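Read off the chains here:
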Amino acid sequence: MILWFTIAQIVVAAVAGALCIAIGLAGRRPGDVSVGSLAVVQLLLIAQIVVAIVAPFAGNAPAGNVLEFWTYLVSAAVLPLAGIIWAFVDRGRWSVVVMGVLALAVAVMTYRMHVIWTVAAA
């Protein structure tokens, strides 16, 4: 994994999560800001999938368990999509809060993926 890209992903996911939770607790329904923030998180995760495929060929192989890393990455890539679908199905304020919690979960999972990639005994 690339350190600056990992940091960017964590920051974007944490900001999107805090934003969605604040919007949801303020009583607003899903809109362009909340869904768009999760879409940005999703796009960054898709880019991370591409990086994870290309990096070993460029000499940046994972030090930890590859299966565990890919399990985290695929699971994290599903979460924003599930949150966006949830927001379209349930148009209430709590769906926005759920999207925020999912974004925060992606931030934590991204940090864990970085640990798995860089630390041999992770």
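Given the structure is predicted, the values throughout are model-derived calculations rather than measurements.

J.: Can you help me understand the UniProt feature "transmembrane region" (unreviewed entry) in the protein in this one?
T.: Within this structure's numbering, the places UniProt gives as "transmembrane region" (unreviewed entry) are residues 6-26, 38-57, 69-89 and 96-117. Helix makes up 85% of residues 38-57 and strand 0%, whereas the separation of the span's terminal C-alpha atoms amounts to 30 Å.

J.: Quick question: what am I supposed to make of helix α1 (residues 3-25) here?
T.: Note that an α-helix has 3.6 residues per turn; residues three or four places apart therefore point the same way. With 23 residues, α1 extends 33 Å between its outermost C-alpha atoms, agreeing within 8% with the 33 Å of an ideal straight helix rising 1.5 Å per residue. Restricting attention to buried positions, one finds in α1 the residues F5, T6, Q9, A13, A16, G17, C20, I23 and G24. Contact partners of the buried residues in α1: α2 (32-54) and α4 (93-118). Backbone geometry just after α1 places G27 at a positive phi near 90°.

J.: Explanation requested: the packing of aromatic side chains in the structure shown.
T.: Centre-to-centre distance and the angle between the planes together describe a pair of aromatic rings. Under the criterion given, the structure shown has three aromatic pairs. Pairwise contacts between aromatic rings join F69, W70 and W117 into one cluster.

J.: Can you help me understand the side chain of H114 in this one?
T.: On the secondary structure map, H114 appears in helix α4. In contact with H114, not counting residues within four places along its chain, are M1, L3 and T6.

J.: Explain the nonpolar core to me, please; I cannot follow it from the model alone.
T.: Generally speaking, a soluble globular protein has its nonpolar side chains buried in company with each other. Counting 26 residues, the largest nonpolar core has L45, F69 and M99 as its most contacted members. If you list the elements that add at least two residues to this core, you get α1, α2, α3 (66-89) and α4. Take this core: its biggest share by element is nine residues, from α4. Among all residues touching L45, those that are not within four sequence positions of it are Q9, L73, A76, A77, P80, V106 and T110.

Parameters and conventions
- Residues numbered from 1 in each chain as written.
- Predicted model: local features only at pLDDT ≥ 70, side-chain atom pairs only at ≥ 80, totals over all residues.
- Heavy atoms only, no water.
- UniProt positions renumbered as here; feature names shortened; annotations may be inferred.
- Helix = DSSP H or I, 4+ residues; strand = E, 2+ residues; numbered from the N terminus.
- Expected span 1.5 Å × (residues − 1).
- Buried < 20%, exposed > 50% of the residue type's maximum accessible area, 1.4 Å probe, protein only.
- Contact = heavy atoms within 4.5 Å.
- Phe/Tyr/Trp six-rings, centres within 6.5 Å; stacked < 30°, edge-to-face > 60°.
- Core = buried A, V, L, I, M, F, W, Y, C linked by side-chain atoms within 4.5 Å.

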